[in-house]
Every structure is written in structure tokens, then in C-alpha cells.
Amino acid sequence: QVQLVESGGGLVQPGGSLRLSCAASGSIFSIYAMGWYRQAPGKQRELVATITSTGRTNSADGVKGRFTISRDGAKNTVYLQMNSLKPEDTAVYYCNAGMSLTRAGANSWGQGTQVTVSS
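These notes cover the structure that comes with them. (Residues numbered from 1 in each chain as written. Predicted model: local features only at pLDDT ≥ 70, side-chain atom pairs only at ≥ 80, totals over all residues. Heavy atoms only, no water.)

## Quick word on the overall build of the chain
In terms of regular secondary structure, the chain is built from zero helices and eleven strands. Helices (α) and strands (β) of the chain occur, in sequence order from the N terminus, as β-β-β-β-β-β-β-β-β-β-β. Relative to the globule expectation of 14 Å for 119 residues, the C-alpha radius of gyration of the chain, 13 Å, shows essentially globular dimensions. Viewed in the frame of its principal axes, the chain has a C-alpha envelope of about 40 × 25 × 25 Å. Counted over contacts in the chain with a minimum sequence separation of 6, partners at least 24 positions apart contribute 54%. Here the chain has roughly 6100 Å² of accessible surface; of this, 49% comes from carbon and sulfur atoms. Each charge sign in the chain was given a centre, from 11 positive and 6 negative side chains, and these centres are 4 Å apart. (Helix = DSSP H or I, 4+ residues; strand = E, 2+ residues; numbered from the N terminus. Rg over C-alpha atoms; globule rule 2.2 N^0.38 Å. Contact = heavy atoms within 4.5 Å. Areas by Shrake-Rupley, 256 points an atom, 1.4 Å probe, with all protein chains shown as cover. Lys, Arg positive; Asp, Glu negative; His and termini not counted. Charge placed at Lys NZ, Arg CZ, Asp CG, Glu CD.)

## Section: the side chain of Thr50
With respect to the helices and strands, the residue Thr50 is situated in strand E5 (residues 46-52). We classify Thr50 as buried; its relative accessible area is 6%. With residues near it in sequence (within four places) discarded, Thr50 still touches Met34, Gly35, Tyr37, Arg56, Thr57, Asn58, Ile69 and Leu101. (Buried < 20%, exposed > 50% of the residue type's maximum accessible area, 1.4 Å probe, protein only.)

## Some words on the sheet that holds strand E7 (residues 67-72)
Pairing within the open sheet is antiparallel, and its four strands lie in the order E1-E3-E8-E7. Both outer strands of the open sheet, strand E1 (2-7) and E7, are each paired with one neighbouring strand and no more. Between one strand and the next, the sheet's axes are offset by a mean angle of 15°, whatever the strand orientation. Two strands pair when backbone bridges link them, and strand E3 (residues 18-26) and strand E8 (residues 77-82) are joined in this way by six bridges, in the antiparallel orientation. What sits directly across from Arg19, in E8, is Gln81. (Pairing = 2+ DSSP bridges. Axes fitted to C-alpha atoms, helices over the stretch in contact; angles between N-to-C directions.)

## Let's talk about the pairing of E5
Within E5, five of the seven residues are buried, which leaves it mostly tucked inside the rest of the structure. Pairing analysis gives six bridges linking strand E4 (residues 33-39) to E5, with the strands arranged antiparallel. Bridging across to E5, Ala33 finds its partner in Thr52. The turn joining E4 and E5, which pair antiparallel and follow one another in sequence, is formed by six residues; a positive phi near 80° is taken by Gly42. Strand direction decides the pairing type here: E5 and strand E6 (residues 57-59), joined by three bridges, are antiparallel. Counted as the bridge partner of Thr50 is Asn58 from E6. In this structure, the hairpin formed by E5 and E6 is closed by a connection of four residues, where Gly55 is found at a positive phi of approximately 90°.

## Digging into the nonpolar core
Trp36, Val48, Phe67, Val78, Leu80, Met82 and Tyr93 are the most contacted members of the largest nonpolar core, which totals 27 residues. Excluding its chain neighbours within four sequence positions, the residues that come into contact with Tyr93 are Glu6, Leu20, Trp36, Tyr37, Arg38, Val48, Phe67, Leu80, Met82, Gly112, Thr113 and Val115. (Core = buried A, V, L, I, M, F, W, Y, C linked by side-chain atoms within 4.5 Å.)

## Brief notes about the state of the cysteines
What the rule picks out here adds up to one disulfide. In this model, Cys22 is linked to Cys95 through a disulfide, with the two sulfur atoms separated by 2.0 Å. Looking along the S-S bond of the Cys22-Cys95 disulfide, the torsion reads about -85°, which is the left-handed sense. Note that Cys22 is positioned in strand E3 and Cys95 in strand E9 (residues 91-98), a separation of 73 residues in sequence. (Disulfide = S-S within 2.5 Å.)

Shape is all these values report; function is a separate question.
Structure below.
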């Protein structure tokens, strides 16, 4: 089992920045992919960005050019740098990690961290 602990959420004004962190522990040898998903009120959880152990990244069209995912293998931590935040980025952001890149439901989830973009 992989345990994930997220941090870095909060309230930010439109146009501002935040950096989310997610530290993994437990069966970290089994982690191939790490990523971030988000769920806004009344909406389904959606992919934000993923990164593999080889550094291959993927991100949703709506965050390209604004959000950057990165990974520190030595610290077993994945980051999400979020710039030029918009009110529509408001959501609970969840960290995901495990063997599967395409089936997030098969991986482990963090508890979620709230990001609110509002003036």
C-alpha cells in the first residue's frame, strides 16, 4: 500500500500562484505514475496532470501553460506548480500514485487539499 500526504492548498486571488506537494510512503517501489486530479462541487473528478518515474508528463488542456507537474524521486514527492490561477480552478485537489498511468482508480489516493481561487 502507498500512503500519500498532500499539502499546499489554500485561498489565492485570481492570477496568483500555489504549489501543491504530495509525499509518498509505504510501498514506494510500486509507484510508476504519480499525478494530480481535482473535483469541483457538483462535478466529477478530473485529471489535472500526471508524471511517470521516467519523467514523462501529461496534463489537461485547461491547465497547459499554467500548471507544471514535477517529481523528486529522492523524496518520493510530486509537486504541482499552479500559476495564473482562475476561479474555475477552485476544487479539491487529490494526489494519486501507483503502478497504473491510465487507471487512477487502481492506485492510491491522498486525502485531498482545497484550492480556492477568489478575490
